[in-house]
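Structure assessment
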Amino acid sequence: MSTRRQPKTPTAKGPEAWFDGDVYFNAYYAGEPPSRTRLNLVRFTPGAHTAWHRHAAGQTLHVTEGRGWVQSRGEELIELAPGDTVFTPAGEWHWHGATADQFMCHLAMWEASDSGEPETEWGEKLRPEEYPS
């Protein structure tokens, strides 16, 4: 067993190409090989959400505060609350973000690819009618 302190990383604003609204994240953990685990804390302002995207090895989200939404392409919209954990399988297109009237924070955990390929593929932004009002 070992304990190490992660280097402090500044809070970063999510790129406009990947998000609608203001989204901020902190990279909390990147595993040392052979681990490929990644962990970020992501903060969505009210109404902010991701574009459609998918992960090479899937993604787990754990909501820590606020209210939010998650949806896989062609599937039912799911409301999220503190304590909820969602797993999206590898390659499944989905989006997630805050409700229109509340902030939402979640821990995002995924694995970097072992092939050097990007672990996340970003698609188009949601059409206005895709985001719940």
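Here's a quick rundown of the structure.

1. What about the overall build of the chain?
Each helix and strand in the chain was counted, giving 0 helices and 13 strands. Across the chain, helices and strands are ordered from the amino to the carboxyl terminus as β-β-β-β-β-β-β-β-β-β-β-β-β. Computed over the C-alpha atoms, the radius of gyration of the chain is 15 Å, within 12% of the 14 Å expected from 2.2 N^0.38 for a compact globule of 133 residues. The dimensions of the chain, computed from C-alpha atoms along their principal axes, are 45 × 25 × 25 Å. Expressed as a percentage of its 133 residues, the buried residues of the chain come to 37%. Within the chain, residue pairs in contact and separated by at least 24 positions form 67% of the contacts whose partners lie at least 6 positions apart. As presented, the chain carries roughly 7800 Å² of accessible surface, and 53% of it is formed by carbon and sulfur atoms. Each charge class in the chain was averaged separately, 12 positive and 19 negative side chains, and the resulting centres sit 8 Å apart.

2. Things to note about the pattern of salt bridges
Evaluated as defined, the whole model comprises 8 salt bridges. Two residues, R54 and E121, come together in a salt bridge whose shortest N-O distance is 2.8 Å. One end of the pair, R54, is in strand β6 (residues 53–55); the other, E121, is in strand β13 (residues 120–122), with 67 residues separating them in the sequence. A relative accessible area of 39% means that E121 is categorised as partly exposed. Of the charged contacts, one joins R127 and E130 as a salt bridge, the two residues approaching to 3.6 Å between their closest N and O atoms. Note on R127: relative accessible area 47%, which makes it partly exposed.

3. Brief notes about the sheet that holds strand β1 (residues 12–13)
Reading across from one edge, β1-β3-β4-β12-β7-β10 is the order of the 6 strands in this open sheet, with antiparallel pairing throughout. Of all the strands in the sheet, the pair left with one neighbour each is β1 and β10 (85–88).

4. Considerations on the packing of aromatic side chains
Applying the stated criterion across every chain, the model contains 4 aromatic pairs. Where W18 meets W122, the ring centres are 4.8 Å apart and the plane angle is 5°; that geometry is what we call stacked. Taken together, the positions of W18 in the loop between β1 and β2 (19–20) and W122 in strand β13 put the pair 104 residues apart, joining distant regions of the chain. Taking the relative accessible area as the measure of exposure, W122 reaches 24% and is therefore partly exposed. Seen from the ring of Y24, K13 lies directly overhead, with NZ or CZ sitting 5.8 Å from the centre.

5. Concerning the pairing of strand β8 (residues 68–72)
Two faces, one strand: in a regular strand the side chains alternate between the faces of the sheet. Counting buried positions along β8 yields 5 of 5 residues, so the element is predominantly enclosed. On β8, burial covers both faces: G68, V70 and S72 on one face and W69 and Q71 on the other are all buried. The turn linking β8 back onto strand β9 (residues 78–80) is made up of 5 residues, and G74 within it adopts a positive phi angle of 80°. With 5 bridges joining them, β8 and strand β11 (residues 94–98) adopt antiparallel strand pairing. If you follow V70 over to β11, its bridge partner there is H96.

Criteria and thresholds
Residues numbered from 1 in each chain as written. Predicted model: local features only at pLDDT ≥ 70, side-chain atom pairs only at ≥ 80, totals over all residues. Heavy atoms only, no water. Helix = DSSP H or I, 4+ residues; strand = E, 2+ residues; numbered from the N terminus. Rg over C-alpha atoms; globule rule 2.2 N^0.38 Å. Buried < 20%, exposed > 50% of the residue type's maximum accessible area, 1.4 Å probe, protein only. Contact = heavy atoms within 4.5 Å. Areas by Shrake-Rupley, 256 points an atom, 1.4 Å probe, with all protein chains shown as cover. Lys, Arg positive; Asp, Glu negative; His and termini not counted. Charge placed at Lys NZ, Arg CZ, Asp CG, Glu CD. Salt bridge = Lys/Arg side-chain N within 4 Å of Asp/Glu carboxyl O. Pairing = 2+ DSSP bridges. Phe/Tyr/Trp six-rings, centres within 6.5 Å; stacked < 30°, edge-to-face > 60°. Lys NZ or Arg CZ within 6 Å of the ring centre and 35° of its normal.

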